[in-house]
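# Structural description and commentary
Spelled out from the first residue to the last, the chains are:
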Amino acid sequence: VQLQASGGGLEQAGGSLRLSCAASGRTFSSYGMGWFRQAPGKEREFVAAVSRGGAGTHYADSVKDRFTLSRDNAKNTLYLQMNSLKPEDTAVYYCASTYRPYNWTKGTPVSYDYWGQGTQVTVSS
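Presented here is an overview of the structure given in this document. Quick caveat: nothing in here was measured; it's all calculated off a predicted structure. Each chain carries its own residue numbering, running from 1 in the direction its sequence is written. A pLDDT threshold of at least 70 governs which residues receive local features in this predicted model, and a stricter bar of 80 or more applies before side-chain atom pairs are shown or counted, although totals over entire chains, interfaces and linings include all residues. To get the side-chain values, take all heavy atoms of the structure and skip hydrogens and water.

Once that is clear, we can look at the sheet that holds strand β8 (residues 77-82). DSSP bridges decide pairing: two strands pair if at least two such bridges lie between them. Starting at the N terminus, helices and strands are each numbered in turn, a helix being any DSSP run of H or I of at least four residues and a strand any DSSP run of E of at least two. One open sheet accounts for four strands, arranged β1-β3-β8-β7; its pairing is antiparallel. Looking at which strands have only one partner, the edges of the open sheet turn out to be β1 (2-6) and β7 (67-72). Strand-to-strand twist across the sheet, computed as the mean angle between neighbouring axes with direction ignored, equals 15°. One ladder, built from six bridges, connects strand β3 (residues 17-24) with β8; its direction is antiparallel. Within the sheet, the bridge partner assigned to Ala 22 lies in β8 and is Thr 77. Axis definition: a line fit to C-alpha positions, over the contact stretch in the case of helices; interaxial angles, taken between N-to-C directions, run 0 to 180 degrees.

Okay, here's the thing in structure tokens:
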């Protein structure tokens with residue numbers, strides 16, 4: 001599966017952005033999906049993930065109650081709605097997919113099999 005992330009940009013603190021991840025190739029609904037982010041000089045960290053059908057989600061504590069993850073299997077697209085943005089949200093955001101059952105619950109980069117190219121999110125104070 002090929003993943004293409006988009007929607008990043010420059011936003012002020014307190015603002016909102018919505019990231020999208022368009023998938024092509026194999027059946028999108030067969031994959032658990034996740035978002036990760038990586039700030040300069042830091043390791044890639046988990047943001048949020050969703051199960052194949054979309055019923056199950058989990059979030060990093062740092063984004064809980066601010067970010068909402070959803071997927072539209074008919075459109076082969078994953079979304080991340082980011083509200084109440086903070087400067088510490090600044091990073092390159094990556095979408096990722098896994099065909100392995102329940103790996104979406106693990107929240108680690110090695111649990112995912114395919115990665116998009118990343119989209120930059122910058123939040124100014």
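Bringing the packing of aromatic side chains into the picture now. What characterises a pair of aromatic rings is the spacing of the ring centres plus the angle enclosed by the ring planes. Paired rings are identified among Phe, Tyr and Trp, the last through its six-membered ring, by centres lying within 6.5 Å, and are further divided according to the angle between planes into stacked (under 30 degrees), edge-to-face (over 60) and tilted (the rest). This model, assessed by the stated rule, comprises six aromatic pairs. Seen from their ring centres, Phe 36 and Tyr 112 are 5.2 Å apart, and the 80° between their planes marks the pair as edge-to-face. Here Phe 36, found in strand β4 (residues 32-38), pairs with Tyr 112, found in the loop between β9 (91-98) and β10 (114-115); they are 76 residues apart in sequence, far enough to count as distant. Pair check on accessibility: Phe 36 and Tyr 112 agree, each one buried. Where Tyr 99 meets Tyr 114, the ring centres are 6.5 Å apart and the plane angle is 50°; that geometry is what we call tilted. Taken as a pair, Tyr 99 in the loop between β9 and β10 and Tyr 114 in strand β10 lie far apart in primary sequence, 15 residues in all. Per-residue accessibility, obtained with a 1.4 Å probe over protein chains only, is compared with the maximum for each type, and a residue is labelled buried under 20%, exposed over 50%, and partly exposed between these values.

Looking at where Ser 20 falls in the secondary structure, it is placed in strand β3. Residue classification places Ser 20 among the buried residues on the basis of a relative accessible area of 16%. We call two residues in contact whenever any of their non-hydrogen atoms come within 4.5 Å of each other. Apart from residues no more than four positions distant in its own chain, Ser 20 is found in contact with Gln 4, Ala 5, Ser 6, Trp 35, Thr 77, Leu 78 and Tyr 79.

Looking at the secondary structure, you find Ser 111 in the loop between β9 and β10. The exposure class assigned to Ser 111 is buried, which follows from its relative accessible area of 5%. One polar contact links Ser 111 to Thr 108, side chain to side chain, over a distance of 2.6 Å. In contact with Ser 111, not counting residues within four places along its chain, are Thr 98, Arg 100, Asn 103 and Lys 106. Polar contacts, as used here, are pairs of N or O atoms within 3.5 Å; protein pairs need one atom able to donate a hydrogen and one able to accept it. Residues neighboring in sequence count only if both atoms are side-chain atoms.

Another point: the pattern of salt bridges. When a carboxyl oxygen of Asp or Glu is within 4 Å of a side-chain nitrogen of Lys or Arg, the pair counts as a salt bridge. Evaluated as defined, the whole model comprises five salt bridges. With a closest N to O distance of 2.9 Å, Asp 89 and Arg 37 form a salt bridge. Of this pair, Asp 89 sits in the loop between β8 and β9 while Arg 37 sits in strand β4, and the two are 52 residues apart along the sequence. The class for Arg 37 is buried, based on a relative accessible area of 5%. Taking the shortest distance from any N to any O, the salt bridge between Arg 100 and Asp 113 comes out at 2.8 Å. Of this pair, Arg 100 sits in the loop between β9 and β10 while Asp 113 sits in the loop between β9 and β10; the two residues are 13 residues apart in sequence, bridging distant segments of the chain. According to the relative accessible area criterion, Arg 100 is partly exposed, its value standing at 31%. Look at Asp 113 and you get partly exposed, because its relative accessible area is 23%.

Note that all results are geometric; they support no functional claim without further evidence.
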